[in-house]
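Chains, contacts and geometry: an overview
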Amino acid sequence: MTISRKCVPFTPFEGELDRATIAIVTAGGVHLREQDPFNIADELGDLSYRVIPEEVDTKQLVVTHHHYDHSDADEDVNVVFPIDVLRDLQALGFIHGIARKHVGYMGYTMQLKAMYEGTAPQIANEIDKGSRADAVVLTGG
Amino acid sequence: MKGIPTVLITVSPEVSAQMRPPRALYPNGFKIGNSLGKPGMRELQQKVLRDALLLLKENTRPGTIVTQDYPEYGEYHEPPRVRK
C-alpha cells in the first residue's frame, strides 16, 4: 500500500465539545435540490463543491454521485450527511452549535492534483471564512 | 489560516489510511453509503457521530484509524481493500 509522503496535517482541537461549533464536509455528493448537480458524465470527475446552509431542511438535499450506492442516503441523507444528528447532539448539549456553512462535493476524481491543490483549499477556505466552525466532521459515501 | 481540526468517518479504512487522516473513525463493517448507519437508525447515528467527535478530544496518533464496533448495525460488510 502506498502511504502519502505528505506530513499529517494535524490541527489540535482546543477547548471543549460542548462549547464547539461543528461543520460537515462530505464527499458523498450531497447538495441542495436547487443547486446544479455534480457532473457525473465527466469521466475525470467533478472538482466543484456546493455550500449547504446551516438551516437546511434535509428534504431539500439530494445526492448526485455514481460511484457508490446512495439509495440509503436518498431515504435518509443523515447516513452520509448527519446534519439532523448534529442538531440532536446540539439539543443534548454535547456540542454547542451548528456551523453556518457545510460543504458537499463528489468524492471521485482522476484529477488528484487539481483536487488537492484547488478544490481542497477552496473548501477549507469556505469553512474557515464565515462558517464559524471550530472543527469539521468529514464523511465519504 | 491556522488550520481546522477535522475528524473523518470512513467506511473504507484502507483507502482512507493512504491519505493519513489526522483523526478517523471506522464503524466496523458498515457498508459504503452507510457512514453513520442505516436510514432512520437515529440512535446509532448519534452514537457514531458522538464517537467521531470524541476523537477530537482524545490523544490519538495522527494518521491512524480507530475501529469501533456497533453491533446494533446488524450486518458486516467487508471494506474495500487496497491492492498491495
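Computed from a prediction, not measured in an experiment: that's the story for all the values here. (Residues numbered from 1 in each chain as written. Chains lettered and ligands numbered in written order. Predicted model: local features only at pLDDT ≥ 70, side-chain atom pairs only at ≥ 80, totals over all residues.)

A tally of helices and strands in chain B yields two helices and three strands. In chain B, the order of α-helices and β-strands from amino to carboxyl end is β-α-β-α-β. Counting only C-alpha atoms, chain B reaches 40 × 35 × 20 Å along its principal axes. Buried residues in chain B amount to 38% of all 84 residues. When contacts within chain B are restricted to residue pairs at least 6 apart in sequence, long-range pairs at least 24 apart make up 62% of them. (Helix = DSSP H or I, 4+ residues; strand = E, 2+ residues; numbered from the N terminus. Buried ≥ 20, exposed ≤ 12 C-beta atoms within 10 Å, placed from the backbone. Contact = placed C-beta atoms within 7 Å.)

Attention now goes to the nonpolar core. One recurring pattern in soluble globular proteins is that nonpolar side chains are buried together. Of all hydrophobic cores here, the largest spans 49 residues; its most connected members are Ile22(A), Val137(A), Val7(B), Leu49(B) and Ala52(B). The element contributing the most residues to this core is helix H2 (residues 42-54) of chain B, with five residues. Residue contacts for Val7(B): discarding those within four places in its chain leaves Val137(A), Leu138(A), Arg23(B), Ala24(B), Leu25(B), Ala52(B), Leu53(B), Leu55(B) and Leu56(B). (Core = buried A, V, L, I, M, F, W, Y, C linked by C-beta atoms within 7 Å.)

Even without being a glycine, Arg132(A) presents a positive backbone phi close to 65 degrees. Tracing the backbone shows Arg132(A) in the loop between helix H3 (112-128) and strand S7 (135-139). Using a count of 15 C-beta atoms within 10 Å as the deciding quantity, one classes Arg132(A) as partly exposed. Backbone geometry places Arg20(B), a non-glycine residue, at a positive phi of 50 degrees. Positionally, Arg20(B) belongs in the loop between helix H1 (13-17) and strand S2 (24-27). You can call Arg20(B) partly exposed: it has 19 C-beta atoms within 10 Å.

At a minimum axis separation of 9 Å, helix H2 (residues 83-91) of chain A and H2(B) run at an interaxial angle of 75 degrees. Between H2(A) and H2(B), the angle falls in the class roughly perpendicular. Here Val85(A), Leu86(A), Asp88(A) and Leu89(A) of H2(A) lie close against H2(B), whose contacting residues are Arg42(B), Gln45(B), Gln46(B), Leu49(B) and Arg50(B). Taken together, the residues that form the contact of H2(A) with H2(B) break down as four nonpolar, two polar and three charged. (Axes fitted to C-alpha atoms, helices over the stretch in contact; angles between N-to-C directions. Parallel < 35°, antiparallel > 145°, perpendicular 65-115°, else oblique. Nonpolar A, V, L, I, M, F, W, Y, C, P; charged D, E, K, R; others polar.)

Okay, H2(B) next. Over its 13 residues, H2(B) extends 18 Å from the first C-alpha to the last, a length consistent with the 18 Å expected when each residue adds 1.5 Å. All of the buried residues along H2(B) are Leu44(B), Gln45(B), Gln46(B), Val48(B), Leu49(B), Ala52(B) and Leu53(B). (Expected span 1.5 Å × (residues − 1).)

A few words on H2(A). Restricting attention to buried positions, one finds in H2(A) the residues Ile83(A), Val85(A), Leu86(A) and Leu89(A). Considered in projection along H2(A), the buried side chains sweep an arc of 160 degrees and stay on one side of the axis. Those residues of H2(A) hidden inside the fold are in contact with strand S1 (21-26), strand S5 (97-98) and strand S6 (101-105) of chain A together with H2 of chain B. Positive backbone phi, approximately 80 degrees, marks Gly93(A), located one or two places after H2(A). (Arc of directions from axis to C-beta.)

Listed as interface residues are 38 residues of chain B and, on the opposing side, 40 residues of chain A. If you list the elements that add at least two residues to the side of chain B that touches chain A, you get strand S1 (6-9) and H2 of chain B. By residue class, the composition of the side of chain B that touches chain A is 18 nonpolar, 13 polar and seven charged. Here four bridges tie S7(A) to S1(B), and the two strands are oriented parallel to one another. (Pairing = 2+ DSSP bridges.)

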